[in-house]
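Single-letter residue listing:
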Amino acid sequence: MKRIAVLTSGGDSPGMNAAIRAVVRVGVRKGLEVFGVERGFCGLIEGRIKKMSFNDVAGIMEKGGTILRSSRCEEFRTTEGRKKAAVKLREHNIDGLVVIGGEGSLTGALILYEEHTIPVVGIPGTIDNDIGMTDMCVGVDTCLNTVVDAIQKLKDTASSHERAFIVETMGRESGYIALVSGLTTGAEAVIVPEVPVNYDTLSSRLLEERKRGKINCIIVVAEGAASAYEVARSLENRIGYDTRITILGHVQRGGSPTAFDRLLASRMGAQAVHALLNGDHCTMMALELGKIVHVPLKKVIENKKTLDMSLYNLAYQLS
Ligand code: F6P
């Protein structure tokens with residue numbers, strides 16, 4: 001293996017730059033030529049492949065987003081699109097590809113390997129923390145800190161005005177962001193797609209607490225469960241608070257990565273290069289009980305992450 005490439009794909013997440021930096025620097029130190037692919041799989045199809053040096057990745061670890069930019073690439077979902085991508089990699093004599101992204105991107109990497117035997121290695125980069133076989137994905141910790149900070153601020157104004165706030169978080173089909181941010185801010189309720197909500201029971205409980213003297217109420221809802229507007233409609237005039245809605249949106253994806261994300265991304269980036277060099281192809285770098293391990297991509301895709309119900313129960317107990 002002499003020439004490797006790295007790309008970021010799908011929704012960006014804080015820490016992707018730290019992962020790119022680690023791939024480039026460890027690759028160069030191992031005597032490889034390292035290339036960056038711009039705009040994810042779309043850029044690969046277009047042949048937007050440029051050589052990267054040790055210095056090209058200086059000062060990027062603290063930056064949010066991805067310096068390689070990203071895309072959600074419809075064409076790569078087609079056999080023809082993946083064939084074009086494989087041709088571009090071969091034209092540039094690329095021997096191995098590191099894909100940093102979420103579930104869709106890692107699935108794309110797996111199919112590229114299966115169809116064209118291109119050595120690929122994945123790094124889980126998504127705020128959703130919905131990827132199987134890894135305890136954490138790059139970007140989750142920063143996202144949670146952003147959400148916690150926002151909810152804390154909303155709690156201040158909620159208390160001043162004796163209001164309820166319904167806060168909608170991202171997460172696609174996963175309730176992880178809502179659950180952990182709700183648990184760590186002491187939210188009164190967390191609504192996630194994995195657990196059906198009973199609005200009668202919920203409104204009775206919140207009204208009871210209001211009558212007992214509670215002066216604020218935070219309800220965190222994951223986008224995959226319901227919209228904040230739907231929750232507001234279902235609880236309207238039933239919980240004893242004037243209610244406001246906040247949809248956090250893409251603010252959750254930005255910002256300078258936390259130390260945790262920088263460390264995780266650096267470790268996974270370095271391991272991705274080792275995996276390519278050791279012939280440990282078609283694997284994903286995963287965090288398992290504090291260690292970075294290589295898990296077959298097929299296993300990752302077949303084992304979707306489920307919500308930790310002990311955390312859900314704890315959030316309920318502590319609310
Ligand atoms: O997967 C990351 C994520 O931010 C999800 O939480 C969200 O549902 C989706 O991406 C939003 O995608 P887009 O930025 O394409 O609107």
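Criteria and cut-off values
Residues numbered from 1 in each chain as written. Predicted model: local features only at pLDDT ≥ 70, side-chain atom pairs only at ≥ 80, totals over all residues. Heavy atoms only, no water. Helix = DSSP H or I, 4+ residues; strand = E, 2+ residues; numbered from the N terminus. Rg over C-alpha atoms; globule rule 2.2 N^0.38 Å. Buried < 20%, exposed > 50% of the residue type's maximum accessible area, 1.4 Å probe, protein only. Contact = heavy atoms within 4.5 Å. Lys, Arg positive; Asp, Glu negative; His and termini not counted. Charge placed at Lys NZ, Arg CZ, Asp CG, Glu CD. Polar contact = N/O pair within 3.5 Å; in protein donor to acceptor, adjacent residues only side chain to side chain. Phe/Tyr/Trp six-rings, centres within 6.5 Å; stacked < 30°, edge-to-face > 60°. Pairing = 2+ DSSP bridges. Axes fitted to C-alpha atoms, helices over the stretch in contact; angles between N-to-C directions.

**Focus on the overall build of the protein chain**
Line of reasoning, step 1. A tally of helices and strands in the protein chain yields eleven helices and eleven strands.
Line of reasoning, step 2. For the protein chain, the C-alpha radius of gyration of 21 Å lies close to 20 Å, the compact-globule estimate for 319 residues.
Line of reasoning, step 3. Looking at the 319 residues of the protein chain, the share that counts as buried comes to 53%.
Line of reasoning, step 4. Partitioning the intrachain contacts of the protein chain with sequence separation of at least 6 by distance along the chain shows that 75% fall at a separation of at least 24.
Line of reasoning, step 5. Distance from the positive charge centre (39 side chains) to the negative charge centre (37 side chains) of the protein chain: 5 Å.

**Some words on the environment of asparagine 129**
Line of reasoning, step 1. The residue asparagine 129 is located in the loop between β5 (120-124) and α5 (140-161) in this model.
Line of reasoning, step 2. As for asparagine 129 and lysine 155, which are separated by 26 residues in sequence, their C-alpha atoms are 25 Å apart.
Line of reasoning, step 3. In contact with asparagine 129, other than residues within four places in its own chain, are Asp135, Met136, Cys137, Val140, Tyr176 and Lys305.
Line of reasoning, step 4. From its side chain, asparagine 129 meets the backbone nitrogen of cysteine 137 in a polar contact 3.2 Å long.

**What about the packing of aromatic side chains?**
Line of reasoning, step 1. In the structure shown here, the tally under the stated rule is one aromatic pair.
Line of reasoning, step 2. Centre to centre, the rings of phenylalanine 41 and phenylalanine 76 are 3.8 Å apart; their planes meet at 5 degrees, and the pair counts as stacked. Taken as a pair, phenylalanine 41 in helix α2 (residues 40-46) and phenylalanine 76 in the loop between β3 (49-52) and α3 (79-91) lie far apart in primary sequence, 35 residues in all.
Line of reasoning, step 3. Phenylalanine 41 gets classed as buried once you look at its relative accessible area, which sits at 4%.

**Some remarks on the sheet that holds strand β10 (residues 283-288)**
Line of reasoning, step 1. As summarised here, the arrangement of the seven strands in space is β3-β2-β1-β4-β5-β10-β11, forming an open sheet in which the pairing is mixed. Two strands bound the open sheet, and with one partner strand each, they are β3 and β11 (291-296). The sheet shows a mean angle of 30 degrees between the axes of neighbouring strands, taken without regard to direction.
Line of reasoning, step 2. Taken together, the six bridges between β10 and β11 define a ladder with antiparallel strand orientation. Its bridge partner being in β11, leucine 287 is matched across the sheet by isoleucine 292.
Line of reasoning, step 3. Contacts from helix α9 (residues 259-277) reach β1 (3-9), β4 (96-101), β5, β10 and β11 within the one sheet, and its direction differs from that of β10 by about 140 degrees.

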